[in-house]
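# Reading the structure
Listed here are the chains, written in short residue letters.
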Amino acid sequence: MKNMIIASTSTLHGSGYLEYLLDDLASLFKDASEIIFIPYARPSGISHDDYTEKVSEAFFKIKKQVKGIHTFENPVTAIKNAEAIFVGGGNTFVLLHQLYKNNLIPVLKETVVSGIPYLGTSAGSNICGLTIKTTNDMPIVYPPSFNAIGLVPFNINPHYLDPDANSKHMGETRETRIQEFHHFNTQPVIGLREGSWLHVKNKSIILKGDLTARIFEQNKTAYEVVSGTELNTLK
C-alpha cells in the first residue's frame, strides 16, 4: 500500500523550495491536513525549528499544515498517528543517527508500508533504500548501522552528476564511486539526477520528471532509463 515520492532534491536551480513538486505533492497529500516533518538531517546545520518553518512556508501554498517531529514528546507515537510524513534533505549520516536514536526506523517502515503518504528529498530519499552507503555526504556522525529503512529494494544516489568532459578535475566521478561500492555490495543503485523522482505506489516504482536516471548493477555496464520506466523488478 506504499504511496511515496522519493525525490533527488528539494530545490531546482532558479526555483523555490519544493516548487517543482508542488502539484504532485498536492495529489500525494490530498487526504492529509497535517504533515509530520522530520528535520533531523539539518542542512547547513540549520535548527529543527528553522527548518520546519521553511517547510511550512512551502506547504502553505497547497494548504497543508506542518508539524516538526521534534516538538512531540513521543516521536514514535507521532509517526504512528501521522496523516502524512516528509523527511527532508541535509546530511544523511546525521539523519540516520537521529532516526536510530529515537527508535524510528521500524515504525517509519511499518507506517509507510501501511499506506501513509511519504515524501523524501535528498537525505530523506537516501534512507528509503537498503543502506545509505551510496550517499554523497560526509560521515560527520556515526549511526549505529548504515542499514536504512528499506522501502525500495535498491540503493539511491540523489543529486547524481555526470562527468564533466571539460573539467580538469582528476578526482573520482560519481560513477566511479558507485562502481567501487559494487566491489563490496550487490544491490542495484539508481542515480537520480536533480529534477527526477520515483513515484512508489503499492508495488509500482516509476521514474518521474524530465530527465533519465542512471542504473548501476553489479557486474553490468551502467545504463539509462527514461522517465515513465517501471523499476519494480530492479533488485
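Residues numbered from 1 in each chain as written. Predicted model: local features only at pLDDT ≥ 70, side-chain atom pairs only at ≥ 80, totals over all residues. Heavy atoms only, no water.

Attention shifts here to the sheet that holds strand β4 (residues 85-87). Across the sheet, which stays open at both edges, the 7 strands sit in the order β3-β2-β4-β5-β1-β8-β9 with mixed pairing between neighbours. Every other strand in the sheet has two partners, leaving β3 (65-68) and β9 (204-208) as the edge strands with one partner each. Neighbour-to-neighbour, the strand axes of this sheet turn through a mean angle of 20 degrees, independent of strand direction. Across the sheet, helix α5 (residues 105-113) touches β1 (3-7), β2 (34-38), β4 and β5 (118-121), and the angle it forms with β4 is around 130 degrees. (Pairing = 2+ DSSP bridges. Helix = DSSP H or I, 4+ residues; strand = E, 2+ residues; numbered from the N terminus. Axes fitted to C-alpha atoms, helices over the stretch in contact; angles between N-to-C directions. Contact = heavy atoms within 4.5 Å.)

The next thing to look at is the sheet that holds strand β11 (residues 223-225). In spatial order, the strands read β6-β7-β10-β11; together these 4 strands make up an open sheet with mixed pairing. Where the open sheet ends on each side, the last strands, each with one partner, are β6 (155-158) and β11. Going from strand to strand, the sheet's axes swing by 30 degrees on average, the running direction of each strand aside. Pairing of strand β10 (residues 213-216) with β11, which is carried by 3 bridges, proceeds in the antiparallel orientation.

Once that is clear, we can look at the pattern of salt bridges. Within this structure, the stated rule accounts for 8 salt bridges. We note a salt bridge from E175 to R214, for which the minimum N-O separation is 3.0 Å. Of this pair, E175 sits in helix α7 (residues 174-181) while R214 sits in strand β10, and the two are 39 residues apart along the sequence. Given the relative accessible area of 17%, R214 is considered buried. Residues K220 and E217 are paired through a salt bridge, measuring 3.6 Å at the closest nitrogen-oxygen approach. A relative accessible area of 53% means that K220 is categorised as exposed. The network of salt bridges with common partners includes D162, E175, R193, R214 and E224. (Salt bridge = Lys/Arg side-chain N within 4 Å of Asp/Glu carboxyl O. Buried < 20%, exposed > 50% of the residue type's maximum accessible area, 1.4 Å probe, protein only.)

Counted as a void, the largest pocket has a volume near 580 Å³. Lining the largest pocket are 22 residues, with N136, E172, T173, R174 and R177 sitting closest to its centre. Sort the elements by how many residues they give to the lining of the largest pocket and α7 lands first, with 4 residues. Among the residues forming the lining of the largest pocket, the class breakdown is 7 nonpolar, 8 polar and 7 charged. Empty space within the second largest pocket amounts to approximately 170 Å³. Every residue along the wall of the second largest pocket is listed here: T9, S10, T11, Y17, P43, S44, Y51, K54, G89, G90, S122 and D137. Counted by class, the lining of the second largest pocket contains 3 nonpolar, 7 polar and 2 charged residues. (1 Å grid on protein atoms, 1.4 Å probe; cavity = no way out; pocket = protein on both sides within 12 Å on 5 of 7 lines; lining within 4 Å. Points joined across faces, edges and corners; volume = space filled by probe spheres on them. Nonpolar A, V, L, I, M, F, W, Y, C, P; charged D, E, K, R; others polar.)

This brings us to the side chain of R214. At 3.0 Å, the side chain of R214 and the side chain of E175 are in polar contact. Reaching out from R214, the side chain makes a polar contact with the side chain of E224 at a distance of 2.8 Å. In this view, R214 contacts Y160, E175, V189, I190, G191, R193, A222, Y223 and E224; residues no more than four positions away in its chain are not counted. (Polar contact = N/O pair within 3.5 Å; in protein donor to acceptor, adjacent residues only side chain to side chain.)

Of all 5 residues making up β1, 5 are buried, and the element is well covered by its neighbours. Taking every second residue as pointing to the same face, both faces of β1 are buried, with N3, I5 and A7 on one and M4 and I6 on the other. Pairing between β1 and strand β8 (residues 197-201): 5 bridges, direction antiparallel. Residue pairing for β8: M4 is matched across the bridge by V200. Looking at chain direction, β1 and β5 are connected through 4 bridges and run parallel. By the bridge assignment for β5, I5 is matched with L119.

On to unusual backbone geometry. Phi at L18 is positive, roughly 65 degrees, even though this residue is not glycine. Positionally, L18 belongs in the loop between β1 and α1 (22-28). Phi angles above zero are rare outside glycine, and N219 is one such case at about 65 degrees. Here N219 is to be found in the loop between β10 and β11. Relative accessible area serves as the criterion here: at 76%, N219 is assigned to the exposed category.

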